[in-house]
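Given next are the chains, with one letter for each unit.
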Amino acid sequence: MSKVVYPGSFNPITHGHANLVERALYLFDQVIVGIGTSVDKEPDEYLSERIDLCRLALGEFGDRVVVKGFNGLLVNFVRSNNTRFILRGLRTLTDYDYEFQMLEMNRHLDPEIEYVLLPTASQWSFLSSTRVREIASLGGDVTAFVHPAVAAHLAKLYGPKN
Ligand code: ADP
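Residues numbered from 1 in each chain as written. Predicted model: local features only at pLDDT ≥ 70, side-chain atom pairs only at ≥ 80, totals over all residues. Heavy atoms only, no water.

1. Here we look at the pattern of salt bridges
How we decide: A pairing counts as a salt bridge when a side-chain nitrogen of Lys or Arg comes within 4 Å of a carboxyl oxygen of Asp or Glu. Here a helix means four or more residues in a row that DSSP labels H or I, a strand means two or more in a row labelled E, and each is numbered from the N terminus. A 1.4 Å probe rolled over the protein chains alone gives each residue an accessible area, and that area as a share of the maximum for its type sets the label: buried under 20%, exposed over 50%, partly exposed in between.
Under the definition given, this model contains six salt bridges. A salt bridge links Glu112 to Arg79, with the shortest nitrogen-to-oxygen separation between them at 2.9 Å. Of the two residues, Glu112 sits in the loop between α4 (93-109) and β5 (114-119) while Arg79 sits in helix α3 (residues 74-80), which places them 33 residues apart along the sequence. For Arg79, a relative accessible area of 33% gives the class partly exposed. Across the pair Arg107 and Glu104 runs a salt bridge whose closest N-O atoms are separated by 3.2 Å.

Written as structure tokens, this is what we have:
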């Protein structure tokens, strides 16, 4: 079975991420979404929230998509999933610069690692988790960009406190 690891923060998962997963399923039998914990160690509950939301948002793909949290080196996580392929998305030249730095670093750590870089769908080229969090925190409507469960989560997070 061919597998690819799609690592990221997914904070939160958006339709841009889901579109990339959907298209990667034409290339691989299984996509393993790996949600990384930050180096500055965030509380575990945030990670498990992001895992739950990713599972909901990607539920339509069934068991061809697996969502896992990981810490430590990405190359080790990739190897522990019995693959050497990493999937990332490219939206802008800034993404390109960033991805190439990461790619070279990971190649250094494990020369057999291979990157699969998919261009964003035009429709989602402007979409990022940062923008979604920003809009939601200012009370804006993000339902066009994220799964309903994610929109509800953000509304609860940033909505009026009682
Ligand atoms: P990270 O913090 O590791 O960049 P993100 O969750 O922001 O994590 O992004 C994970 C991957 O998904 C990155 O490769 C990013 O370029 C890609 N991505 C994010 N949003 C989109 C989008 N709208 N279209 C295509 N790829 C995207």
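The discussion continues.
2. Overview of the environment of Asp95
To keep it simple, the criterion reads: Only heavy atoms matter for contacts: two residues are in contact if any of them lie within 4.5 Å across the pair. N or O atoms within 3.5 Å of each other form a polar contact, as long as, within protein, one can give a hydrogen and the other can take it, and as long as residues adjacent in sequence are counted only when both atoms are side-chain atoms.
When you line up the elements, Asp95 lands in helix α4. A relative accessible area of 11% places Asp95 in the buried class. Taking the C-alpha atoms as reference points, Asp95 and Gly72, separated by 23 residues in sequence, lie 22 Å from one another. When neighbours within four sequence positions are excluded, Asp95 is seen to be in contact with Gly89 and Leu90. Of the polar contacts made by the side chain of Asp95, one reaches the backbone nitrogen of Arg91; its length is 2.7 Å.

3. With respect to the pairing of β5
What counts, and what does not: A pair of strands is considered paired only if DSSP assigns at least 2 bridges between the two. By definition, the crossover connecting two strands over a helix is right-handed if that path, from the first strand to the second, turns clockwise as seen with the strands pointing away from the viewer.
Pairing geometry for strand β4 (residues 85-90) and β5, over six bridges, is parallel. Looking at the pairing, Leu87 lines up with Val116 of β5. Regarding topology, α4 serves as the crossover connection from β4 to the parallel β5, and that connection is right-handed.

4. So, the packing of aromatic side chains
The way to describe two aromatic rings as a pair is by their centre distance and the angle between their planes. Selection criterion: Geometry of aromatic contacts follows a simple scheme: Phe, Tyr and Trp rings, the Trp one being its six-membered ring, pair when their centres are within 6.5 Å, and the pair is stacked under 30 degrees between planes, edge-to-face over 60, tilted otherwise.
The full count for this structure, using the stated rule, is five aromatic pairs. The interplanar angle of 55 degrees and the centroid separation of 5.5 Å between the aromatic rings of Phe28 and Phe85 together place this pair among those described as tilted. Here Phe85 lies in strand β4 and Phe28 lies in the loop between α1 (15-24) and β2 (30-36), a separation of 57 residues in the sequence. We classify Phe85 as partly exposed; its relative accessible area is 26%. Centroid distance Phe70 to Phe77: 4.4 Å. Interplanar angle 10 degrees. Geometry classified as stacked.

5. Observations concerning the site of the ligand
Threshold: Working definition: residue near molecule or strand if any one of its non-hydrogen atoms lies within 4 Å of it. To be clear on the numbers: accessible area is Shrake-Rupley with a 1.4 Å probe, and residue cover counts the displayed protein chains and nothing else. Three categories are distinguished: nonpolar for Ala, Val, Leu, Ile, Met, Phe, Trp, Tyr, Cys and Pro, charged for Asp, Glu, Lys and Arg, and polar for the others, with Gly belonging to the last.
Close to the ligand lie 15 residues; Tyr6, Ser9, Phe10, Gly89 and Trp124 are nearest. Side-chain polar atom of Tyr6 to an oxygen atom of the ligand: 2.7 Å apart, as the coordinates give it. The separation between a nitrogen atom of the ligand and a polar side-chain atom of Arg91 is 3.2 Å. With the chains in place, 86% of the 550 Å² that the ligand exposes on its own is no longer accessible. For the shell around the ligand, the elements supplying multiple residues, two or more each, are β1 (3-8), α1, β4 and α4. At three residues, β1 tops the list of elements feeding residues into the shell around the ligand. For the shell around the ligand, a count of residues per class yields five nonpolar, six polar and four charged.

6. Some remarks on the nonpolar core
For the record, the criterion: Nonpolar cores were defined as sets of buried Ala, Val, Leu, Ile, Met, Phe, Trp, Tyr and Cys residues, with membership established by side-chain atoms within 4.5 Å.
The biggest cluster of nonpolar side chains holds 36 residues, and the ones touching the most others in it are Val21, Val33 and Leu58. Not counting chain neighbours up to four residues away, the residues in contact with Val21 comprise Tyr6, Val31, Val33, Leu58, Phe61 and Val65. Counting eleven residues, the second-largest nonpolar core is a separate cluster that includes Phe70, Phe77, Ile86 and Ile113.

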